[in-house]
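# Structural description and commentary
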Amino acid sequence: MSSTQFRVFLLFSLGYFVSYVFRGVNLGFAPLITHDMGLSAADLGLLTSLYFLGFAGAQIPAGVLLDHFGPRRVTAALLVFSAAGVWVFGAAHSVGMMMLGRLLIGIGVSACLGAAFKALAQHFEVSRLPFVNGLVMAVGGLGGVAVGSPLTWVLSFAGWRVVCVGLGVMTIAVALAIWTMAPEQRETHHQSDLVSQFKGTWHILRSAAFWKIASFSVVTQGVFYAMQSLWVGAWLRDVMNLAPAAAAALVSILGVAMMAGCVGFGAAARSLERRGVSLYAFCGIGMALFVVTQILIMLRVPLPAGLLWAAYGIFGGTGILSYAVLARHFPPHLIGRSNTTLTLILFLLIFGFQIGVGAVLSLWPARSGHYPPIAHLTAWGVLLALQVLSAIWYVLPSRALARPSPVRAECQS
């Protein structure tokens, strides 16, 4: 890895780390803001999920901007919105203002993942993308670790509003680092006007291959992130009867395991491809193991909790390999839009899943802030059924992946 490649990797990984912290910070904040604001499970689910709604709503314009202006300028500029959002959230004394803050945070970090993948695709060979994409996910996964035990420790002596101030300062610092130190990469493809670029996004959405690649991935990742960023904590407290410190420790284990899984699966994918195993198939195997892990957790099999939740983290991030599959199917000048289109669908599902779980839990009365195990099992059972259906679609034979991308063909004509 050259010095320029390392700089690209480090800076955009930091951007994704910030995104990941904001994604899961309400996991630690939840008991405090629920007490302060008197929120129900449905209210908490809606408030937290607005991050994902803002993130999803910004994906298509963010993809166009990434392909038009480049990842450095777009990422740094948007991160300022996240800093403003977390300061609004921390200063709010009404649910409405907190919702506005979460929405702004989601919009502000909307380009972090797509920008990282775009920048990596500009500076690394395609064959190395599964591995370096996995490394970026691993660094971002540190954010999942940070919202476990470390955040619980900080909240033991600092209020959640003070933490919000610190998060805003951190975000501005990362934005300045990306703006001043990230290299620019000129596109060899001629950049058309913005209207034409939006048409490119529409062609991606019409691609049968895109939906085939995305199907299983967006559902499994949607469940993974919806649970990890909010409802895992409630499951550990309500179903497993764990104390807050023990639950936070498992959340951190999950985050570390996800980091290891991203790096390990990224490295293994490159090695297996050399042996004739397709990335599409390997990605599907990892996601299938994630579904099996969820079944084991729901059945409460007599295995160590740390082992089960580590497996949840390891296999939960395997769907990220689908971004590398897209990079093989679509031309380089459409990578930003193909990545952000996939992320759009993913985050819409996370938004829906978080609200849906909260709505299902609210069907049962809470006792001292806890919901009965049957409520959690019902909600997760619905999510499991959706994953099984998407897995069936993923493995069904299709000619779409065997044909040249219609977007590629159209753009080259």
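Each residue is numbered by its place in its chain's sequence as written, counting from 1. In keeping with the predicted nature of the model, local features appear solely for residues at pLDDT of at least 70, side-chain atom pairs appear and are counted solely at 80 or more, and the whole-chain, interface and lining totals rest on all residues. As a rule here, side-chain values come from all non-hydrogen atoms in the structure, and water together with hydrogens is ignored.

## Describing the side chain of T293
A run of DSSP states H or I qualifies as a helix once it reaches four residues; a run of E qualifies as a strand once it reaches two. Both are numbered from the N-terminal end. Mapped onto the elements, T293 comes out in helix α13 (residues 279-299). We call a residue buried when its accessible area falls under 20% of the maximum for its residue type, exposed when it is over 50%, and partly exposed in between, using a 1.4 Å probe and counting protein chains only. You can call T293 buried: its relative accessible area is 5%. Counted as a polar contact is a pair of N or O atoms within 3.5 Å, where, for protein atoms, one must be capable of donating a hydrogen and the other of accepting one, and residues adjacent in sequence contribute only when both atoms are in side chains. At 2.9 Å, the side chain of T293 forms a polar contact with the backbone oxygen of L289. If we skip the residues at most four places from it in the chain, T293 touches L308, A311, Y312 and F315. The criterion used for residue contact is that any of the two residues' heavy atoms lie within 4.5 Å.

## Description of the confidence of the model for the protein
Known as pLDDT, the predictor's confidence for each residue is given on a scale from 0 to 100. Per-residue pLDDT for the protein has a mean of 84; in total, 91% of the residues score no lower than 70. Below a pLDDT of 50 lies the segment residues 406-413, which in the model reaches 11 contacts outside its immediate sequence neighbourhood of four places, other chains included.

## Description of the packing of helix α1 (residues 3-37) against helix α6 (residues 112-123)
Angle between the axes and distance between the axes are the two parameters that describe a pair of packed helices. A fitted line through C-alpha atoms serves as each axis, taken over the contacting stretch for helices, and the angle formed by two N-to-C directions is quoted from 0 to 180°. Running from amino to carboxyl end, α1 crosses α6 at an angle of 170°, the nearest separation of the two axes being 9 Å. Judged by the inter-axis angle, α1 sits roughly antiparallel to α6. Packed against α1, whose contacting residues are T4, Q5, V8, F9, F12, G15, Y16 and S19, the element α6 presents C112, L113, A115, A116, A119, L120 and H123 at the interface. If an angle is under 35 degrees, it is roughly parallel; if it is over 145, roughly antiparallel; if it lies from 65 to 115, roughly perpendicular; otherwise it is oblique.

## Section: α1
For α1, which comprises 35 residues, the first-to-last C-alpha distance of 48 Å matches the rise-based estimate of 51 Å (1.5 Å per residue) to within 8%. In the segment just after α1, G38 is the residue with positive phi, at about 65°. A helix's residues, less one, multiplied by 1.5 Å, set its expected span.

## Quick look at helix α14 (residues 305-316)
Three or four residues apart is the spacing at which side chains of an α-helix point the same way, because the helix has 3.6 residues per turn. Taking 1.5 Å per residue, 12 residues should reach 16 Å; α14 reaches 16 Å between its end C-alpha atoms and fits that length. Residues of α14 that are buried include every one of L308, W309, A310, A311, Y312, G313, F315 and G316, and no others.

## Description of unusual backbone geometry
Positive phi, normally seen in glycine, also occurs at N241, with a value near 55°. As for its placement among the helices and strands, N241 is situated in the loop between α11 (208-238) and α12 (244-274).

## Digging into the nonpolar core
By convention a nonpolar core is built from buried Ala, Val, Leu, Ile, Met, Phe, Trp, Tyr and Cys residues, the set being connected through side-chain atoms within 4.5 Å. Counting 129 residues, the largest nonpolar core has F29, W309, Y312 and W380 as its most contacted members. With 17 residues, the single largest contributor to this core is α11.

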